[in-house]
Amino acid sequence: MAATIRVNGDRFVEMISERRIRAKVRALARQINTDYRNAVPVFIGILNGSFIFFADLIREISVDCEIDFLKLSSYGDAKISSGDVRLLKDLNCQVEGRDIIIVEDIVDTGLSVEYIRHLIEPQNPRSLKVVTLLYKKDAVKPGTHVDYIGFSIPSDFVIGYGLDYAQRERNLKAVYRLKAKPVRATARP
Ligand code: IMP
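Since we're looking at a predicted model, the values are computed, not measured. (Residues numbered from 1 in each chain as written. Predicted model: local features only at pLDDT ≥ 70, side-chain atom pairs only at ≥ 80, totals over all residues. Heavy atoms only, no water.)

Trainee: Help me understand the environment of C93, please; the structure alone is not making it clear to me.
Mentor: Locating C93 in the fold gives a position in the loop between β5 (87-89) and β6 (99-107). Looking at C93, the relative accessible area reads 18%, which means it is buried. Residues C93 and R19, 74 residues apart in the sequence, show an inter-C-alpha distance of 34 Å. Leave out the neighbours within four places in its chain, and C93 touches V42 and D68. (Helix = DSSP H or I, 4+ residues; strand = E, 2+ residues; numbered from the N terminus. Buried < 20%, exposed > 50% of the residue type's maximum accessible area, 1.4 Å probe, protein only. Contact = heavy atoms within 4.5 Å.)

Okay, structure coming up:
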């Protein structure tokens, strides 16, 4: 049976094991290594959530590369996106003429990815691609483009492997989903 943990009074159940994540990170890196064999891409990690995925992915990358980070505001302490994306830390690298790969932990509505595109495209990169470990297929706004997807998942709230709940639980090795509270049977009139 899948492991269950309790956080802030909510129950979470293991959704993607450490082993499956490791295999997927390797597979994504293999694809990127092939696609960028003649380039020196710049990997841009989106803080805070992507820091573990970023660190694991980059160590599987065998082509010459550079790294940088952007920090965006996220959910705050809530479980639902505020829909308000703000830039908390800008890039330090030169984007013009470079092959840019955005590294996201999760694409939910896709607002963050679109925000990043609008930030980076005017700086004239040679190419701009997005890799995400998790992709909430039913929540993503139409027109959001993601190039490399680890796992397509339902719209559950998830934590672990960099993803937080009120800033905690990022250090979990697996990804856990919020377990829906059982609906209590109501007495018939
Ligand atoms: P989007 O802009 O709606 O696509 O959301 C992107 C950001 O929201 C991610 O980079 C995460 O920081 C955060 N986020 C989205 N879904 C979850 C979740 O299920 N758990 C924790 N954080 C999430």
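Trainee: Looking at this model, I keep getting lost on helix α3 (residues 111-120). Mind explaining?
Mentor: An α-helix turns once per 3.6 residues; consequently, residues spaced three or four apart project the same way. By the burial criterion, the buried members of α3 are V113, I116, R117 and I120. Angular distribution of buried residues about the axis of α3 spans 105°; they occupy a single face of the element. Taken together, the buried residues of α3 touch β3 (42-47), β4 (66-72), β6 and β7 (127-136). (Arc of directions from axis to C-beta.)

Trainee: Explain the side chain of E169 here, please?
Mentor: As for its placement among the helices and strands, E169 is situated in the loop between β9 (158-159) and β10 (175-178). When neighbours within four sequence positions are excluded, E169 is seen to be in contact with V7, I159, G160 and L163.

Trainee: Hey, could you run me through the sheet that holds β10 in this one?
Mentor: Within a sheet, adjacent strands bond to each other through the backbone by hydrogen bonds, running parallel or antiparallel. The sheet built from four strands is open, its strands ordered β1-β2-β10-β9 with antiparallel pairing. Of all the strands in the sheet, just β1 (4-7) and β9 have a single pairing partner and so form its edges. Here strand β2 (residues 10-16) runs beside β10; their pairing, made up of four bridges, is antiparallel. The partner of I16 across the bridge, within β10, is V175. (Pairing = 2+ DSSP bridges.)

Trainee: When you look at the packing of aromatic side chains in this model, what are you seeing that I'm missing?
Mentor: Aromatic rings in a pair are described by how distant their centres are and how their planes are angled relative to each other. Here the structure, examined in full by the defined rule, presents four aromatic pairs. Centroid distance F12 to Y165: 5.9 Å. Interplanar angle 55°. Geometry classified as tilted. A residue pair is termed long-range when its members are at least 10 positions apart, and F12 in strand β2 and Y165 in the loop between β9 and β10 qualify at 153 residues. Owing to a relative accessible area of 9%, Y165 belongs among the buried residues under this scheme. A centroid spacing of 4.9 Å and a plane angle of 50° characterise the contact between F54 and F69, whose relative ring orientation is tilted. Note that F54 is positioned in helix α2 (residues 51-58) and F69 in strand β4, a separation of 15 residues in sequence. Through successive ring pairs, a cluster of aromatic residues spans F12, F157 and Y165. (Phe/Tyr/Trp six-rings, centres within 6.5 Å; stacked < 30°, edge-to-face > 60°.)

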